[in-house]
Amino acid sequence: MTSPRRPGLNEKDLSVEGADDAPADERAWFAETPQPRTKGRVITGDDAPTPVVPEEHYHGHRDRLRLRFREGGDRALADYELLELLLFRLIPRRDTKPIAKALLTRFGSLSEVLGAPTHLLTEVKGVGDSVAADLKLVAAIAHRMLKSDLKGRQVLASWSSVIEYCRAAMAFEEREQFRVLFLDKKNALISDEVQQTGTVDHTPVYPREVVKRALELSATALILVHNHPSGDPTPSRADIEMTKLIIDTARPLGITVHDHIIIGRNGHASLKGLKLI
């Protein structure tokens, strides 16, 4: 049975060079002509070859670094490599090694990178607002973990944990903070609160407010902490006098001041350890 001719077609339309070899079914003429496959180049209008874009060199490096971390943990990696490993997820399409090294060069250590304020982090080439925010999130999680280690435990029996926690919280702040660790009768942590935030070299402290808050929390002991943004934790005369004033205000109410710790980038100082109180 002969199919009726489709409207719009005539003999001229079906007549092409080599038509004798064409299939009888006219639908073949409407099929897409398959393009030849090419390997290593792209065919353009003038058939000019273009080089294949090679896989970025850092992809294999990322796999190797992840493998080293899985097999050896953090001890298998240098600080810049740990930071680089973190940046993999924050910056997926760039070589992050130069950024990690630039951050450490700018701030000095891994802890100082995480403790740096957001506006300084974004001054490093390759670090935008979202990356800086994610770095601060990691710092906040680490700080929360350290705090959870102290919660409900006898603080005086975990003094190194107290120092580690305070350093994570305050060592890299640009302004002075005065905070108080409120303890119960078993010297377990009830609350950790920033009482005041001041300037680069001074924080106003009100002994009555400190003692009032201790009474509200039913705290029987305190550890006073503040930071020196200069990095030098050496106590000043004002630090010593202020501490003695708080001790004198708290003692009649049965509240003990165990110590006053000063935190700096270069270490810490204990007024009790220095026998200044």
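Report on the accompanying structure.

The rules we used
Residues numbered from 1 in each chain as written. Predicted model: local features only at pLDDT ≥ 70, side-chain atom pairs only at ≥ 80, totals over all residues. Heavy atoms only, no water. Helix = DSSP H or I, 4+ residues; strand = E, 2+ residues; numbered from the N terminus. Buried < 20%, exposed > 50% of the residue type's maximum accessible area, 1.4 Å probe, protein only. Contact = heavy atoms within 4.5 Å. Areas by Shrake-Rupley, 256 points an atom, 1.4 Å probe, with all protein chains shown as cover. Phe/Tyr/Trp six-rings, centres within 6.5 Å; stacked < 30°, edge-to-face > 60°. Lys NZ or Arg CZ within 6 Å of the ring centre and 35° of its normal. Axes fitted to C-alpha atoms, helices over the stretch in contact; angles between N-to-C directions. Parallel < 35°, antiparallel > 145°, perpendicular 65-115°, else oblique. Left-handed = near helix turned anticlockwise from the far one by under 90°. Nonpolar A, V, L, I, M, F, W, Y, C, P; charged D, E, K, R; others polar. Arc of directions from axis to C-beta. Core = buried A, V, L, I, M, F, W, Y, C linked by side-chain atoms within 4.5 Å. Pairing = 2+ DSSP bridges.

1. Side note on the overall build of the protein
Then, in step 1: Check the secondary structure of the protein and you find 10 helices and five strands.
Then, in step 2: Within the protein, buried positions represent 37% of all 277 residues.
Then, in step 3: Long-range contacts, defined as pairs at least 24 residues apart, comprise 57% of the intrachain contacts of the protein with a sequence gap of at least 6.
Then, in step 4: Of the accessible surface of the protein, which amounts to about 17400 Å², a share of 52% is contributed by carbon and sulfur atoms.

2. So, the packing of aromatic side chains
Then, in step 1: Scanning the model with the defined rule gives zero aromatic pairs in all.
Then, in step 2: Lying over the aromatic face of Y80, K101 brings its terminal NZ or CZ to 4.7 Å of the ring centre.

3. A word on the environment of T96
Then, in step 1: Relative to the helices and strands, T96 is located in the loop between α3 (79-90) and α4 (97-107).
Then, in step 2: In sequence terms T96 and G126 are 30 residues apart; their C-alpha atoms lie 8.5 Å from each other.

4. Observations regarding the side chain of H260
Then, in step 1: Within the fold, H260 resides in strand β4 (residues 256-264).
Then, in step 2: Judged by relative accessible area, which is 0%, H260 ranks as buried.
Then, in step 3: Aside from chain neighbours lying at most four places away, what touches H260 is F178, L224, V225, H226, D239, M242, T243, A269, S270, L271 and I277.

5. Re the packing of α3 against α4
Then, in step 1: Here α3 crosses α4 at 125°, and the two axes come no closer than 8 Å. Considering the angle they form, α3 stands oblique to α4. Read as a crossing pair, α3 and α4 show a hand that is right-handed. Contact residues: α3 offers D79, Y80, L83, E84 and L87, while α4 offers K97, I99, A100, K101, L103 and L104.
Then, in step 2: Looking at the contact of α3 with α4 residue by residue, the classes come out as seven nonpolar, no polar and four charged.

6. Digging into helix α9 (residues 207-216)
Given 3.6 residues per turn, any residue in an α-helix points the same way as the ones three and four places further on.
Then, in step 1: Residues of α9 that are buried: P207, V210, V211 and A214. All buried residues of α9 lie within an arc of 90° about the axis, which places them on one face of the element.
Then, in step 2: On the buried face of α9, the contacting elements are β1 (177-183), β2 (189-197), β3 (221-227) and α10 (237-250).
Then, in step 3: Residue S218 follows α9 closely and has a positive phi angle near 60°.

7. Looking at the nonpolar core
Then, in step 1: One finds L83, L87, L103, F107, L121 and V127 to be the most contacted residues of the largest nonpolar core, which totals 19 residues.
Then, in step 2: Sort the elements by how many residues they give to this core and α4 lands first, with five residues.
Then, in step 3: The residues touching V127, leaving out its near neighbours within four places in the chain, are I99, L103, L121, T122 and A132.
Then, in step 4: Counting 18 residues, the second largest nonpolar core, distinct from the first, contains L146, I163, A169 and V225.

8. Comments concerning the sheet that holds β2
Then, in step 1: Ordered by their spatial adjacency, five strands build an open sheet running β2-β1-β3-β4-β5, and the pairing between neighbours is mixed. Edge positions in the sheet fall to β2 and β5 (267-270), since each has one partner strand and no second. This sheet shows a mean twist of 20° between the axes of neighbouring strands, independent of strand direction.
Then, in step 2: In this structure, β3 lies alongside β4, joined through seven bridges in parallel fashion. Paired with N227 across the bridge in β4 is I263.
Then, in step 3: Across the sheet, helix α8 (residues 159-170) touches β1, β2, β3, β4 and β5, and the angle it forms with β4 is around 50°.

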